[in-house]
Amino acid sequence: MAINLGLLEHFLAAYEMGSLGKAAAQLGLSQPALSKSIRKLEAELDVPLFHRTTKGISPTPYADTLARRSQAIQADVRSSIVELHKLKQGEVGEAKIGIAPALSPHFMPDVVARVAENHPSINITVMEALYEGVSQGVMRGELDFALTNLPPRGVDPDLAWRELFRDRFVVCCGKAHPLARKRKVQPAELLGYPWITPAREGAPWQRLVDLFTEARCAPPRAMLETNSASVIMSLLQRGPFLTFVPRQIILLDTRRAEAVEVALEGMTLERAIVVLHRKGHSPPKAAQLVLDACEAVAAQSGGRHPRPAG
């Protein structure tokens, strides 16, 4: 049985006030109109809700039961209305985003912490993958947006991008590494240690080769190729490894003095971290609030130097 919520509101006013006249005044109705509403509700429920006497009204046991239920229903309705308003403002909902692996150790946790503090009802789903993975997710509509690096060949024509901040690849080692304490390191010194490198088919590896070539040195031999931040940091702590990674990967560890940037001049590779989204599509409000948090974290880190969108 579907009951008109307006009739329930009228009933509750009469029940709580104990007077049709006072309840009608509170509701902005005439007393006959309120009496008609209550009789209509009694007819729908097929039970008497009030005893009517010359002194006024008194509730029946049916009214006591209905009042308890109606108060809970009204509380649920009020809660639902508040939730709908929050949803309209983007304060609740789901945000589905993709990120480059370099952003998982430091940047993304800062973003999630900020969202949790300001908009705790938002549910965030994060997919970590290289450019191909996150860009496909954005194009298929599985991700609201992605934070990734620009590939050398450019982005798909169905996608748009704008720069969020600039990151750079650096040579780094563990805190116990012999080169960690040197104030100035020559490129040739790097060749005496095992290396963890980016994938050979990628631009970072080619840039590393170019840097050694410019220094008139042979490129290092990779003992391991990986983009896994956890594997890289674990190995740096266990042995005399060197690596060439985005600074975002080691940022938290350098702050904890667990990793050290090797003191080299010129052996860096700067790259843009961009926001990737479908052309002509605005993110849902919840996703926009997460994107706002990304902007705030990028600005706070001091690494934001925006360029025009593509």
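Here, every reference points to the structure presented above.
Below, the structure is looked at part by part. (Residues numbered from 1 in each chain as written. Predicted model: local features only at pLDDT ≥ 70, side-chain atom pairs only at ≥ 80, totals over all residues. Heavy atoms only, no water.)

Quick word on helix 10 (residues 285-300)
Thought 1: Between its first and last C-alpha atoms helix 10 spans 22 Å; for 16 residues at 1.5 Å apiece the expected length is 22 Å, and the two agree.
Thought 2: For helix 10, the set of buried residues is Ala-286, Ala-287, Leu-289, Val-290, Leu-291, Ala-293, Cys-294, Glu-295, Val-297 and Ala-298.
Thought 3: In this structure, the buried side of helix 10 is in contact with strand 3 (93-99), helix 5 (107-118), strand 4 (122-128), strand 5 (145-149), strand 6 (159-174) and strand 11 (269-278). (Helix = DSSP H or I, 4+ residues; strand = E, 2+ residues; numbered from the N terminus. Expected span 1.5 Å × (residues − 1). Buried < 20%, exposed > 50% of the residue type's maximum accessible area, 1.4 Å probe, protein only. Contact = heavy atoms within 4.5 Å.)

Regarding the pattern of salt bridges
Thought 1: For the coordinates displayed, the defined rule picks out seven salt bridges.
Thought 2: With a shortest N-O distance of 3.0 Å, Glu-163 and Arg-166 are connected by a salt bridge.
Thought 3: Assessed through its relative accessible area of 2%, Glu-163 is described here as buried.
Thought 4: Taking the relative accessible area as the measure of exposure, Arg-166 reaches 17% and is therefore buried.
Thought 5: Taken together, the salt bridges that share partners define one network made up of Arg-168, Arg-247 and Glu-261. (Salt bridge = Lys/Arg side-chain N within 4 Å of Asp/Glu carboxyl O.)

Some details on the packing of aromatic side chains
Thought 1: Evaluation of the coordinates by the stated rule reveals five aromatic pairs.
Thought 2: Residues Phe-11 and Phe-50 carry aromatic rings whose centres are separated by 5.7 Å and whose planes lie at 45° to one another, so their mutual orientation is tilted. You can see Phe-11 sitting in helix 1 (residues 5-17) and its partner Phe-50 sitting in strand 1 (residues 50-53), a full 39 residues away along the chain.
Thought 3: Judged by relative accessible area, which is 0%, Phe-11 ranks as buried.
Thought 4: Taken together, Phe-11, Tyr-15 and Phe-50 form an aromatic cluster joined through their ring pairs. (Phe/Tyr/Trp six-rings, centres within 6.5 Å; stacked < 30°, edge-to-face > 60°.)

Some thoughts on the packing of helix 1 against helix 3 (residues 31-45)
In a packed pair of helices, the relevant descriptors are the angle between the two axes and the axis-to-axis distance.
Thought 1: Running from N to C, helix 1 and helix 3 point in directions that differ by 110°, and their axes come no closer than 9 Å. In terms of orientation, helix 1 lies roughly perpendicular with respect to helix 3. The two elements helix 1 and helix 3 meet at a crossing, and its hand is left-handed. Contacts between helix 1 and helix 3 involve Leu-7, Leu-8, His-10, Phe-11 and Ala-14 on the former and, on the latter, Leu-34, Ser-37, Ile-38, Lys-40, Leu-41 and Glu-44. (Axes fitted to C-alpha atoms, helices over the stretch in contact; angles between N-to-C directions. Parallel < 35°, antiparallel > 145°, perpendicular 65-115°, else oblique. Left-handed = near helix turned anticlockwise from the far one by under 90°.)

Some words on the pairing of strand 4
Thought 1: Here strand 3 runs beside strand 4; their pairing, made up of seven bridges, is parallel. Following the sheet pairing, Gly-93 is matched in strand 4 by Ile-122.
Thought 2: Handedness of the strand 3-helix 5-strand 4 crossover: right-handed. (Pairing = 2+ DSSP bridges. Right-handed = clockwise from strand over helix to strand, strands pointing away.)

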